[in-house]
Every structure is written in C-alpha cells, then in structure tokens.
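Below, each chain spelled out in residue letters.
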Amino acid sequence: MQGDKTNVAFVAQNEKPALPAPVTTTGPMGWVMANLFSSPLNVLLTLIAGFMLVYSLPDLYQWAIAKAVWSASSYDECRSLSPDGACWAVVSERAGQFTYGFYPEHLRWRPNLAFLLLLVAIAPVLYKLPYRSALLAFTAIYPLIAYLLIWGGLFGFEFVPSDKMGGFLLTMIIGCTGISFSLPIGVMLALGRNSNMIFIKTICVGFIEFIRGVPLITLLFVASTLLNYFLPKGWDFDLILRVLIMVTLFASAYMAEVIRGGLAALPRGQYEAADALGLNYFQSMRLIILPQALKISIPGIVNTFIGLFKDTTLVSIIGLFDPLGIIQPILADPNWNGLVVELYVFVAAFFFIFCFAMSRYSMYLEGKLSTGDHR
Amino acid sequence: MSVVTSEGPEEFRVGMLWRDTRYRSYTFQIIALIAVMLIGSFLVTNIVSNLRDAGKDFNFSFLWEPASYDINQKLIEYTSRAPHWKAALVGILNTLLVAVLGCVTATVIGVFAGVLRLSKNWLISKIMSAYVEVARNVPVLLQILLVNSVFIGLLPKPKLSDPMLGGALVATNRGFYIPSVTTEAGSWLVFLVFCISVVGVFVLRRYAKRQQEQTGKRLPVGMLSLGILIVPALLAFFAAGMPLGLEYPELKGFNYKGGIHMRISLVALWLALSIYTGAFIAENVRAGIQAISKGQSEAAHALGLRSARTMRLIVLPQALRIIIPPMISNFLNLTKNSSLAIAVGYMDVTGTLGGITLNQTGRAMECVLLLMAFYLVTSLSISAAMNKYNHMVRIRGR
C-alpha cells in the first residue's frame, strides 16, 4: 500500500514543541509553591510568619522612619513634632560625644587620623596587597603612632588624659588592642597547654581555667578597685590601661582554647612529619603546625574577636564612657531626659554592623584559605 | 664501608642545658618556676605593704556584721538586719534563679530557632537567620538594658494594667505578677505520692525495655507513665482535701498583692539572656543536625523505621553528642553573663557581695575573691560534669 505520509493525520511531521511546565512549578509561582507552601505545615508556618510580619513591620517602619524626628533640640520638641515617632535628633546632636567622648574638640583630628591610619595598617593583614612587606612594617609600628596621636604628650602634641576618652573611640581602642594582643598570647597559652613540660602546662591550664571560670565583670572590678593593691606605691596605672590589660588577658584565655581545638584537630602525622624532617620545635610550629591549626580555628578566632568587641560595653559598668556609658550623661541632660530606647537602638546598630562585618569577613577568609581538602 | 664507632656516654657540658632537648625542658621549667615565684612574691609583698599602709587587714569577719541594706527580690527570708553572708546567699540564690530560668528558656528558644532555620520554608528560615544574626551581634549588656527600658516605658501602671490569661499574669511597670502555690497541711502527702510515681515510671521503663528485649513487644510506655504520674497524685490531692491551691495577684490600692512578684529587672534580665543565649544555641542545634550525614536516616528508613523513630533512635542520639557540649558551655556563659544584672539593679551575687557589701565595708579584696570563688566553683563543677558526659558518649575508637 502506497499511502501518502502527509495524509496520515495522526503522525506528527515535526517534533512538537514542548509544553510549558505547569505554572505551579516554574517562575515566581513555582518558587512560592516550593519554598512557602510545599506542605500543610509550611502553609501554616508561612501564614503565621506573614501575619506577624504584617502586624509588626509597618508599625516599626512608622516608628523608626516615617514618623521619626531627625533634628530637634530637645526631647519635648521631638514629642511636639511627632508624638509617636522615634527621636533620632538626640543622636545627631550628640554625635560628637558618641564618637569621641569628652575628647577636646579642637584635637579631634588626631583620633580621626589614627583611625584612617588604622585602616592603612589593617589592610595588608586582611588582603593581599602590593608592597606588602613595607605596609606590614607600618602595621608593626602603628600602635606607637596611634598612642602618640590619641594620648599625645610628646613632640608637641598636647596631652589628653584618659578620662576624656569615650564613645566609639574607646570601643575601638579597647577592641583593637585586645584583638591584636590576645591572638599571640592565646597562641602561646595554647602551645603551653599542649606542652609536655609539666610545670609550664600547669601554669597555662590554671590561668586559662581561672579566666574562663569568672565573668569579665569581676576582672574589671579587679582592674578598677584592686589592681592598685598589687603594685608598689606610686605605680599609678591609668584606668584605661588597667582595663586593656584585663580585657586582653580575658580574650587570650578564650583564644587559647580555640587554638587548642585547632591544634588537636591536626592529624598526628603532621607533627611526626615535621619531626622527621629534622625541624626543631619552633621551626615545626612556625612552618607546619600553626599555619594549619590557625586556619582551622579561624571561625573560632573571629568569634572570640566578636565576643571581645561586644564585651567592651562592660566597661560602662565601672564608669568608663564607652557608647553605652556615654548614654548616662546624655540622660542626665534635662533636654533629653526621658528618652532611652532610641539611644540603645543606635548603639546596638553600631555594634551589629561591626560584628556582622567581622563574621562575614571570616566566612570570606575561610573560603579563600580552604585548600580543597573538604567536600 | 665506613665504621661507625660509638663514642660512649657523652659528657655533660653547660651548653647542653639549652641545646640538648633532653635537658632543655628542665631549663625552661626552672626558669619559669623562678619567674613565677618572683612575680608571686612581688605581688604578695605589695599587697601586704599596701594593706598595712592603708591600715587594713585581710579577714572575713565582716561577713557576720549586719548588712543594713535591703534586697527587693529574694527567695529566702532576709531583712536589712541580717548579716552580710546572708545578703551574699540571697544574691547567690538570685544568680542561680535567673541562670536556671534563663537556661530553660534559652534552650527552648534555641531548639526552635535552630530547627526552624533549617526549614524548607524560605520565610521562616530567613526570619530565624535574622533573629540569630541580630541577637548574636549585639552586646548582651545592651540587650538587657534595652529590654529593661522598653518594659519600663511600655508597661502600664498597676492601676491601668490589664490582667492576662484569666488573671494569671499581670504585667505592670512595677513588675510582673504570677500566681503562687499555697500549701496547707496534707500537701506533703501529694508530694510524697508524686515522688513515688516518678520512681514508678523509672521502674516501668526498665521493665518495658526488658520485655521488649525478651519478647519484641513494646508496651505503650508514654501513655502508661503519664497515667502513673497524674492519677495517683490527683487521688492523693482529693483524698487529702485539696491542700494545694493557687493564689492570684489582686489589685489592692495602687499595687498588686499576692502571687509571686517578679521585678522588671529580673524579667528583663531573664528575657534578654534567653534571647542572646538562645541565638547561640540555635547555631549549635543547626550545626549538630547538619553534621549527621543523610546516609544515617536513609539507612534507618531502609531498616523500616518510621520517620519519628528515625529521629528519636538514630538522628537525635548522634546529633545530641555534637549539640550538648557547646550547649553546656553556653549555659555557663549565660550564668556568667547574669552578673550583668548589676546594670539593671537586679540583686544577684555581683550586686550584693560585689556591689553594696563591697562598697559598704570597703573590703574589696575579700569580696572580689569570694565572688570569683563562687563563679569558679560553679563553672568548674559544671565543666567537670560535662567532661564526664563527654567521656560517656564518646565514640569508642579502635
């Protein structure tokens, strides 16, 4: 039978175009079905969460932004302008105190410059840059420069006493000093704790467990009330210096535990290979063990940094004027009496931005340093 | 072929003290020992001479002098005429109270947030991530102060307040009121029966396990133990003439009377510590669950276990091994962070012993020493218990 193929109606001549996927599986609709309404439980959860958001977010927006007052000279003026909005005017009016504390106004360029130089000093540590060794040399001498700029007293720089420092300047001083000194001390403590010299090990274990067993606030009490008893007459340490020592010791005990975890996670073969190569203790630590152990402990190290940065707020309890402590004199001002939440929210936002950035950087660093030995 | 001649026992030279690894560790340790002793004696002589110059001595007799200050939130009987040690004890109990309350709620919050963060529901997991990130990255002291000031600012005066949950919870700007349990004669019977029931449940569980191992049949343990716990206690309750009751807070004049009064400072501290620590626990829970490989639950399904049993018998025991140690150290952190109570005026041990007692008696050295000793004992005993647990659940290696 010689039939014309074109006449057979039910045989397709060409490939049929594919039908579009069902509307519920692709595009925005599909995404919504897969991620919000995939099961009865998820429908319920989505509805509850959506209801809560719809209920709270508009009010929050109204309070924080739409009805907020951005410039006014007193709390009463804020309230008369907008009775139920946030009064951010206090933040802009007291921005100077929040940033520098009671640092003399005509000298504020010095902390500013110190902060800019801090960025320069940190950059080669954080990122691979050209001329790295020259920049790192600058990083090494930066603490001296910063001390000179912030406190002064030499080379014709006017001396600024410690009780004038406050605000974010104080947070940065304590945070940066603590961070940069606690890491090396922590490494030494961790190595000491892992050492087989029994006496050194005992000292390190005792120190670490003692510091980790007491709250930071008791150590700060020691710094503010007791430290003078431990020192000979006439050695009058500045309060900020005492606090710096305590905060650094506190963070280094936690750091030591984090690094000990990293050391323990290294396979035994690494230690044995280093010995087999004939490296002595310091060479094997510097070239083989620590680079790997520190890499493993990056998340923990950065968490300790974040913890330290947050813990700087505790100095407000012993009467220093960090951003939290500076709120007290602001509240004592009759113009701003009665307004608290805005101030706390502002300081919280500052800390959130800093700490969140640090945790994101640690994730970036983990990714960059990962050598592909994990799936 | 070269001949190696052994040189016989090497003679000791001074240089070997730091070049030879056999002797070097002794050298180091002796140097360290001398350094520690020098520093220690330096500090001690300073303390002694400074105390002498200040006309002070070092003793703890002040603990038996009357404290002469009042504590507004207390668990035991205390008046301002009580001695300082009793004030310290009230503080310790307050610390433990907020620590226990905080640990419980932080665990609940943390487990919820951690599990929900892994949810396939995009909205929920994003909300939980936002919670975890915000709570972890804002200082806890700030959160305590913020919650405290929000409570003080938003809650109504007692006169205008509106009892919630049928009068069981009243939130005012003077504090929170909840019903208290009143006990009359005969209530000991109910407690006794309840304690016996608890023992009974343990016996039942052991029996059910043996039964299952021998016959393969499982008893309905859950329903049975619920019955054992409730029914005898209820019977005893009615038999003894209903000796237990609830006392509800009532508005009298300008303030609420009756019930348990929790000050704003306690609730703010409790809530803020729970929110903060809950975020850390949520991360631990998430990490613990993610660490269990998919193969484990697939293997359990292949063995024919249903998903609830898979969770309970296969995934959870393995995940808990990962989750619990960091969770305990979070509890420890919560306990230590409760010392920030001093910022909102909650009288914990830092507020009584390390605060008012210290300032009144001027015995800074003794007070701070006792304070540190209390926290040290607490955290060292908890971490000792944790080490024991870790040892118990460790994976037995080859």
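Residues numbered from 1 in each chain as written. Chains lettered and ligands numbered in written order. Predicted model: local features only at pLDDT ≥ 70, side-chain atom pairs only at ≥ 80, totals over all residues. Heavy atoms only, no water.

Attention shifts here to a nonpolar patch on the surface. Taken together, the side chains of Leu226, Ile230, Val231, Leu234, Leu235, Phe238 and Met242 of chain B make up a nonpolar region of the molecular surface, amounting to roughly 700 Å² of accessible area. Its place among the elements puts Leu235 of chain B in helix α7 (residues 221-239). (Patch = residues over 30% accessible without salt bridge, like charges linked within 9 Å, V, L, I, M, F, W, Y side chains within 5 Å. Areas by Shrake-Rupley, 256 points an atom, 1.4 Å probe, with all protein chains shown as cover. Salt bridge = Lys/Arg side-chain N within 4 Å of Asp/Glu carboxyl O. Helix = DSSP H or I, 4+ residues; strand = E, 2+ residues; numbered from the N terminus.)

When the parts come together, some accessible area is lost, and that loss is often what is quoted as the size of the interface. All names here are of chain B. Parsing chain B into structural domains produces domain 1 (84-179 + 248-393) and domain 2 (180-247). The C-alpha-based centres of domain 1 and domain 2 are spaced at 29 Å. Listed as interface residues are eight residues of domain 1 and, on the opposing side, five residues of domain 2. Interface of domain 1 and domain 2: buried area, both sides summed, is about 460 Å²; carbon and sulfur atoms make up 55% of it. Counting the surface domain 1 buries against domain 2, the share from its top three residues, Pro179, Tyr248 and Arg309, is 68%. Where domain 1 packs against domain 2, one counts zero residue pairs in polar contact (both at pLDDT 80 or more). Looking at the side of domain 1 that touches domain 2 residue by residue, the classes come out as five nonpolar, two polar and one charged. (Domains from an automatic or database assignment. Contact = heavy atoms within 4.5 Å. Buried area = accessible area lost by both parts, 1.4 Å probe. Polar contact = N/O pair within 3.5 Å; in protein donor to acceptor, adjacent residues only side chain to side chain. Nonpolar A, V, L, I, M, F, W, Y, C, P; charged D, E, K, R; others polar.)

On to the sheet that holds strand β2 (residues 175-178) of chain B, then. All names here are of chain B. If you trace the three strands from one edge of the open sheet to the other, you get β1-β2-β7, paired in antiparallel fashion. Each edge of the open sheet carries a strand with a single partner, namely β1 (170-172) and β7 (260-262). The average undirected angle you get between the axes of adjacent strands in this sheet is 20 degrees. Bridge count for β2 against β7 is three bridges, and the pairing is antiparallel. Each bridged residue has a counterpart across the sheet, and for Phe176 the counterpart in β7 is Met262. Each of β1, β2 and β7 is contacted by helix α8 (residues 264-291), which is oriented at about 65 degrees to β7, the strand it contacts most. (Pairing = 2+ DSSP bridges. Axes fitted to C-alpha atoms, helices over the stretch in contact; angles between N-to-C directions.)

What follows deals with the interface of chain B and chain A. Taken residue by residue, the interface counts 53 residues in chain B and 53 residues in chain A. Contact between chain B and chain A buries roughly 4600 Å² in total, counting both sides, with carbon and sulfur atoms accounting for 74%. When the buried surface of chain B facing chain A is broken down by residue, Asn137, Leu142 and Met372 of chain B rank first, second and third, together holding 13% of it. Along the contact surface separating chain B from chain A lie one salt bridge. Note that Glu133 of chain B is salt-bridged to Arg360 of chain A, the shortest N-O span being 3.3 Å. For the interface between chain B and chain A, the tally reads 13 residue pairs in polar contact (both at pLDDT 80 or more). Looking at the side of chain B that touches chain A, the element that brings in the most residues is helix α2 (residues 21-53) of chain B, giving 13 residues.

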